[in-house]
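Report on the structure
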Amino acid sequence: MSNPATPPRSLAEALRARDDASLAVLLRARPDLITPVPTDLTQLATRAGTRASVLRALERLDRFALQAAEALAVAGDPASYQELLGLMAGDDGDPAVAAALPRALGALRNQALVWGDDDRLRLVRTAREVLAPSPQYPSPTGLGPTVREATSGMSPGRIQEIVADAGLPSTHDSVSAVDALTKLFGHRKKMAKLLAAAPAESREVLGRLVWGPPYGQVTPEPAAHLRWLLDRGLLLPTVPGTVVLPREVALHLRGGRAHREPEPVPPAVEPTATHRPQVVDATAAGQAYTALATVEELLKDWDEGGPAVLRAGGLSVRDLKRTAVALDVPEPIAAFWVELAYAAGLLASDGEADERYAATPAYDEWLDRPPGERWAQLAAAWLTATRTSGLVGGRDAKDRALSALGPGLDRSAAPEVRHRVLTLLATLPEGTAPAAESVLARLRWERPLRGPQVGVPPRERSRAWGSQDDLRSRLARWTLTEAELLGVTGRGSLSAHGRTLLGAPPAEKAQEKGKGQGQEPSGPGPGDKLPVHHHHPALALEPLSPPEQAVAAAAAGRLLAPLLPEPLDHVLLQADLTAVAPGPLRRPLADALGVLADVESKGGATVYRFTPASVRRALDAGRTATDLHAFLTTHSRTPVPQPLAYLIDDVARRHGHLRVGAASAYVRCDDDTVLNEIMADKRAAALRLRRLAPTVLATQADPATLLEGLRAMGYAPAAESAEGDVLIARAHAHRTPPRTAPEPVPDGPPAPDATLLAAAIRAIRAGDLAATTPRKPVGTAARGGELPRTTAAETLATMQAAVLTGDTLWIGYVNAEGTASQRVIAPIRVEGGFVTAYDHTADEVRTYPLHRVTGVAELAED
């Protein structure tokens, strides 16, 4: 075991010196390290240094912590804290940088990207390889190679010439010459004197290269001002025709700073407008009601079977346009509502041979729930969904169109971005709407690297962040729009039920904790995931766990419920054959009125219009004229207008006078004069009717075509069954088999809970004990981490002796699956071919078959 007073010699030793709380912070920030659980701390350190894991950790750093890592990548290895501070704050110093650097360095240490004491800071090797300069491009800081790296292939004679031209005495070897040149470039006064003698054109060239990229092109015969720089080593050749500005020279010109603009403080979220909280909540409640009505209207429109499923999956462009027209919204908004219903489990494909989209059985359950609970289900589904409707209409990496409800819409970053945008809104005073660009700037500071951004030259990286094509920026913009549509925000400000949906504290507490927001880096490093209900919401970078989210959504629904309009049980009938619903109607009334009349306009008040076709539709559904008169009288606050009563009676009098059945189809009527009129009508020619009897006409057309043809001619026929009974054309609700809502696609392994963390740390500690405890050699000694090897007799004898003496043993063990492991055990009894012992690795008493023990060794006394 290492001495705690001795500086760690490796990342494994540094992790071994950590306490359990510090290890928990690391594993919570980088859950990929315990998938699966490492056998010991050496394996944990090895896994923490793999390229994939390091890249993922770098992607989750904020801008200033990333700048600190970039500075360490161009510093010495190891580097002191003062050297790092000099690279970050420059020769003149920067109080803000000095104040923020301990937090940034703490974040890097927490995530095991940096280890060592303050006088020997080491960036893990993989991170240094990613962030340090390479022949293809410079460091993200814009710095190039050191003098030693740039002169590695240069002839000794040329190096001595450069040393002499720089005014330094010649040396006996190239190593000392390069050291002398490096010391010159790092000496502020001597370098200032050297540059003061440089031609103005030479200083101009250095000025163009100082902030990167540090590479430039030269001709075989460079100009005099370039030759002056080359002769003194201020520019060094790399490949023919290319020169580079050495890192030491660039740092002198920059005043010692590795970055042009260190960003120790996150940009503040700027407000644009302020409204009264009551106005915000009322507006959000109105949007929430509209959201419920829109989803209901969408699925009612697809009640008898929705659009067909494309062969590749998803909704066709034509069907999306039809849906947008039916909902009276633009196509991107229609795609949002369709995807929201799908995410909430209310919509799915039916799985039939002729596959179509339809409502699920869960939709009927959803309809029966109170409005607040229905909204909570939609809001919770939206907040955690990885499917992103904003991508609909775009192209994927293979240039295939992305369609609504189709594949390729999952973006694992979407839940985190949605949650983070809303928590930033929660930090503002109640009723305050933020500027969208300031929200985007804050997100860029918190996550400057994403995926392919790692290892990209800094100019390209910054250009990508500023473009509209950046995914996180687009997700943030879509979040602001979708939150308003769903009623989470009102007039751009987070509502009270929106705060509750996040699990955030009340606005008053958030304002008290958020004082100085934008002035100080808030809270722990980016690797610390803190529950939102225990801390200020600005600190929570991850969505809530599913149980916490369910509780928060239910509370938000209860808070919203009193703000939603109360459903009405009446309408106002008018003389122009319309009915006005001054608010939302109760569902039985709305369903019945939707059959009897057509919706003419929507809004705060819905206008229904009665037409002969709509009245006939109600009669086809089995209602009689008496039923319709009684219905209108019961539910109208105004008298039933005479024109509407006449319309119902007139359509009812003619309804069913003609009867259509299957011949292929026939028409029969007791009044033969009506049939004579039909036969004489030129519009009936397409039906090819012929008279079978004075009161019966027949045709080869099917009954449905015959019904539509006669209705188009102005008649009101009724369909009848084979027994002669009138068929009631009641709408048939089509439902899919039971379906589950789509599961979000996680962004890497899920964050471990406290129980898993405790068990993982206990197992790692025990495995590390087994791997590092000194052992006495017995039988064939284990070498290089191999399992101990002893004969069965030696194993049995050592076990029995340990039972008597109470000693602790180190054993090799192979389980039933053939997996080998090392364990430290304290034997309690040996009998029947089994050993029962306290297993330090598992921290519990276990029984092992002796035939699976490969060998045993006693622990050394020290």
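In what follows, the structure referred to is the one given above.
Predicted model, so just to flag it, every value in this text is computed and none were measured. (Residues numbered from 1 in each chain as written. Predicted model: local features only at pLDDT ≥ 70, side-chain atom pairs only at ≥ 80, totals over all residues. Heavy atoms only, no water.)

Comments concerning the packing of helix H21 (residues 414-426) against helix H24 (residues 471-486)
Look at H21 against H24: their axes get within 9 Å of each other, and the N-to-C directions meet at 60 degrees. Classified by the angle between their axes, H21 and H24 sit oblique to one another. Considering how the two elements wind past one another, H21 and H24 form a crossing that is right-handed. Contacts between H21 and H24 pair Ala414, Glu416, Val417, Arg418, Val421, Leu422 and Leu425 from the former with Arg472, Leu475, Ala476, Thr479, Leu480, Glu482 and Ala483 from the latter. Of the residues in the contact of H21 with H24, the class split is nine nonpolar, one polar and four charged. (Axes fitted to C-alpha atoms, helices over the stretch in contact; angles between N-to-C directions. Helix = DSSP H or I, 4+ residues; strand = E, 2+ residues; numbered from the N terminus. Parallel < 35°, antiparallel > 145°, perpendicular 65-115°, else oblique. Left-handed = near helix turned anticlockwise from the far one by under 90°. Contact = heavy atoms within 4.5 Å. Nonpolar A, V, L, I, M, F, W, Y, C, P; charged D, E, K, R; others polar.)

Quick notes on the pattern of salt bridges
Going through the model one piece at a time under the given rule, you end up with 37 salt bridges. Residues arginine 823 and aspartate 839 are paired through a salt bridge, measuring 3.1 Å at the closest nitrogen-oxygen approach. In this pair, arginine 823 sits in strand S22 (residues 820-831) while aspartate 839 sits in strand S23 (residues 834-839), placing the two residues 16 residues apart along the sequence. Its relative accessible area of 15% is what places arginine 823 among the buried residues. (Salt bridge = Lys/Arg side-chain N within 4 Å of Asp/Glu carboxyl O. Buried < 20%, exposed > 50% of the residue type's maximum accessible area, 1.4 Å probe, protein only.)

Details of empty space enclosed by the protein
Applying the stated rule across the entire model yields five cavities of 30 Å³ or more. If you add up the space inside the second largest cavity, you get close to 80 Å³. As for the second largest cavity, its lining consists of Phe336, Glu339, Leu340, Ala343, Trp382, Ala385, Arg387, Ser389, Arg418 and Glu482. Partitioning the lining of the second largest cavity into residue classes produces five nonpolar, one polar and four charged. (1 Å grid on protein atoms, 1.4 Å probe; cavity = no way out; pocket = protein on both sides within 12 Å on 5 of 7 lines; lining within 4 Å. Points joined across faces, edges and corners; volume = space filled by probe spheres on them.)

Quick notes on the sheet that holds strand S4 (residues 236-237)
In any sheet, the strands associate via hydrogen bonds between backbone groups, in a parallel or an antiparallel arrangement. Taken together, three strands build an open sheet; the order of strands is S3-S5-S4 and the sheet is antiparallel. One side of each edge strand has no neighbouring strand; the edge strands of this open sheet are strand S3 (215-217) and S4. Strand direction decides the pairing type here: S4 and strand S5 (residues 242-244), joined by two bridges, are antiparallel. Along S5, the bridge assignment pairs proline 237 with valine 243. (Pairing = 2+ DSSP bridges.)

Some words on helix H29 (residues 612-620)
Where H29 is concerned, the buried positions are Ser614, Val615, Arg616, Ala618, Leu619 and Asp620. Glycine 622, located one to two residues past H29, shows a positive phi value of around 105 degrees.

A closer look at unusual backbone geometry
A cis amide bond links threonine 35 with the next residue in sequence, proline 36, at an omega value of 0 degrees. Along the chain, the position of proline 36 falls in the loop between helix H2 (20-29) and helix H3 (41-48). In this model, aspartate 77 is joined to proline 78 through a cis peptide bond whose omega is 5 degrees. Within the element layout of this structure, proline 78 appears in the loop between helix H5 (63-74) and helix H6 (81-89). Of note, the phi angle at arginine 688 is positive, near 50 degrees, even though the residue is not glycine. Inspection of the secondary structure assignment puts arginine 688 in the loop between helix H32 (672-680) and strand S18 (690-693). For arginine 688, a relative accessible area of 69% translates into the label exposed.

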